[in-house]
Amino acid sequence: HKDYIPESCRPTFNGLCSETFLFKHPDIENNIVYCNDDYFFVNETKDTDYFIDNKCVKSLNKLNNLSWYNHFKSLKNNVWCQLLSNTMEYKFKISGNKNLYQQKHLPVSFHKSDFTEFYKKYENDMIKEYSKYESKIRQNSNILPLYIIDWLQGDKGDFIQDRNYFTYNKVYEIIDNYNFSSVFKELPKLKTLCFNDDLKNDNTTFERVKLILSGLFPDKSTFEF
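The structure displayed is predicted, hence computed values, not measured ones.

## Section: the packing of aromatic side chains
Working step 1: Applying the stated rule across the entire model yields 17 aromatic pairs.
Working step 2: Relative to Phe110, the ring of Phe23 has its centre 5.8 Å away and its plane inclined at 80°; by these criteria the two rings are edge-to-face. Of this pair, Phe23 sits in the loop between helix 1 (15-20) and strand 1 (31-34) while Phe110 sits in strand 5 (residues 108-111), and the two are 87 residues apart along the sequence. Like Phe23, the residue Phe110 is buried in the burial classification.
Working step 3: Aromatic side chains Tyr69 and Phe92 sit 5.6 Å apart centroid to centroid with 70° between the ring planes, which places their arrangement in the edge-to-face category. With Tyr69 in helix 2 (residues 67-74) and Phe92 in helix 3 (residues 79-95), this residue pair connects regions lying 23 residues apart in the sequence. Accessibility assignment for this pair places Tyr69 and Phe92 in one class, buried.
Working step 4: Taken together, the ring pairs connect Phe23, Tyr90, Phe110, Phe115, Phe118, Tyr119 and Tyr122 into an aromatic cluster.
Working step 5: Across the ring face of Tyr119, the terminal group of Lys24 is positioned such that the distance to the ring centre comes to 5.1 Å.

What counts as what
Residues numbered from 1 in each chain as written. Predicted model: local features only at pLDDT ≥ 70, side-chain atom pairs only at ≥ 80, totals over all residues. Heavy atoms only, no water. Phe/Tyr/Trp six-rings, centres within 6.5 Å; stacked < 30°, edge-to-face > 60°. Helix = DSSP H or I, 4+ residues; strand = E, 2+ residues; numbered from the N terminus. Buried < 20%, exposed > 50% of the residue type's maximum accessible area, 1.4 Å probe, protein only. Lys NZ or Arg CZ within 6 Å of the ring centre and 35° of its normal.

Written out as structure tokens, the structure is:
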């Protein structure tokens, strides 16, 4: 954290703070694929799945109305939904428009330079938010720069459109009585998948997920013990 998180924001126990300043880390190259901890690469992927001619490959399907924003704004008891609606409002403010793009919990390519440009203009806002005592853990007031950078790239048209991205990269919600056999049917055409957990999940559900993962990946990778 000392390598990239501003001193006033440390210590932090908020993963959103860590990812907010992640792209300030000196060892990160300009082209990077960001992944959360519940993503799995299940088939061969190539550089060109994420970058072509040094441009980010993304879906970024533009939404035609604000129903997405209104939906999340209405769910006031859900911290993640409030995080998203708050982030959308911040994007509206700094961009001067209300353009939004379809977003899913999947790997996404970024340029470090886009974050450097963002930090030059808005880092003080991020520091102000994540320096708060209450923001030492996740709060619905927090802002998500990864989403904002994604949407700003959409505004600029500075990306390569891949309309099939959500065909071979999919999210599976871990819910009770989920039919995990459907994952096996789709596996041959997938590049990545996400098993998205929920606060309501119990140990039984996670044990089922572990069984699925053992079936998908029976052999340990070289860095596992």
